[in-house]
Amino acid sequence: EDQVTQSPEALRLQEGESSSLNCSYTVSGLRGLFWYRQDPGKGPEFLFTLYSAGEEKEKERLKATLTKKESFLHITAPKPEDSATYLCAVQASGGGADGLTFGKGTHLIIQP
Amino acid sequence: DAGVTQSPTHLIKTRGQHVTLRCSPISGHKSVSWYQQVLGQGPQFIFQYYEKEERGRGNFPDRFSARQFPNYSSELNVNALLLGDSALYLCASSLTGAVEQYFGPGTRLTVT
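Only a predicted model underlies this, so the values are computations on that prediction, with no experimental measurement involved.

(A) Broad picture of the pairing of strand 7 (residues 62-66) of chain A. Residues and elements named next belong to chain A. Within strand 7, four of the five residues are buried, leaving the element largely enclosed by the surrounding structure. Hairpin connection from strand 6 (residues 56-59) to strand 7: two residues lie between these consecutive antiparallel strands, with E60 at a positive phi of about 55 degrees. Two strands pair when backbone bridges link them, and strand 7 and strand 8 (residues 70-75) are joined in this way by five bridges, in the antiparallel orientation. Across the sheet, residue L66 finds its bridge partner in strand 8, namely S71. Counted along the chain from strand 7 to the antiparallel partner strand 8, the turn is three residues long.

Given below as structure tokens:
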């Protein structure tokens, strides 16, 4: 069974204080690892897809990295508008459905 | 371009009733997936459809059913509603299902 564990569950940072969110995963074969941002009461917003170990992607203050067992979302000099829940999900390779398996998310608060 | 749209936005039903939720994917996307998100948890995979065929389902009871229409829009039906079905129901569309999935705003279902 595919599993995704995110840590920490919640993180409070001061504006400008950089940090990293962790996503550990267990999957029979990884087709892709996805990061989403979700604001309260809204649908998840796509951020990144990572396909293979060693891959990195960046967008503004966010950088996602991938190893064979985990992924990190690095947030550099965050601003209050970066406050949200960040979700990690995996998609398994092989036959069958391409449904995503999500972690519970990291609730990030950036204080001015 | 319009994103994924879902209707209705909010819905209140009584235990034992039936509900139908609707989703229109991004233009050109042929795959639709449905997820259930309970407060404080990550989304959980319910169904995936591609080219009007069910491609897979998650661990949900037979009270949950779905279909995809020739225009690639989709309906999720839930029979004999239980209090535990109260959640945010998310629809996601993708080109084929095996790539990035883009989420709609969700339908908030409350069962009383």
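(B) Focus on the interface of chain A and chain B. Taken together, the 21 residues of chain A in the interface contact 22 residues of chain B. At the surface where chain A touches chain B, the tally comes to zero salt bridges. For the pair chain A and chain B, the number of links is five residue pairs in polar contact (both at pLDDT 80 or more). At the level of secondary structure, the elements contributing two or more residues to the side of chain A that touches chain B comprise strand 4 (30-38), strand 5 (45-50) and strand 9 (84-92) of chain A. The biggest single contributor to the side of chain A that touches chain B is strand 4 of chain A, with four residues. Grouping the constituent residues of the side of chain A that touches chain B by class yields nine nonpolar, eight polar and four charged.

(C) Spotlight on the pattern of salt bridges. In the structure shown here, the tally under the stated rule is ten salt bridges over all chains. The shortest N-O distance in the salt bridge between E55(A) and K57(A) comes to 3.8 Å. Owing to a relative accessible area of 29%, K57(A) belongs among the partly exposed residues under this scheme. For R61(A), the salt bridge is made with D82(A), and the minimal N-O distance between the two is 2.8 Å. In this pair, R61(A) is assigned in the loop between strand 6 and strand 7 and D82(A) in the loop between strand 8 and strand 9, connecting sequence segments 21 residues apart. One salt-bridge network, in which partners are shared between bridges, spans R22(B), R67(B) and E75(B).

Quick notes on the rules
Residues numbered from 1 in each chain as written. Chains lettered and ligands numbered in written order. Predicted model: local features only at pLDDT ≥ 70, side-chain atom pairs only at ≥ 80, totals over all residues. Heavy atoms only, no water. Buried < 20%, exposed > 50% of the residue type's maximum accessible area, 1.4 Å probe, protein only. Helix = DSSP H or I, 4+ residues; strand = E, 2+ residues; numbered from the N terminus. Pairing = 2+ DSSP bridges. Contact = heavy atoms within 4.5 Å. Salt bridge = Lys/Arg side-chain N within 4 Å of Asp/Glu carboxyl O. Polar contact = N/O pair within 3.5 Å; in protein donor to acceptor, adjacent residues only side chain to side chain. Nonpolar A, V, L, I, M, F, W, Y, C, P; charged D, E, K, R; others polar.

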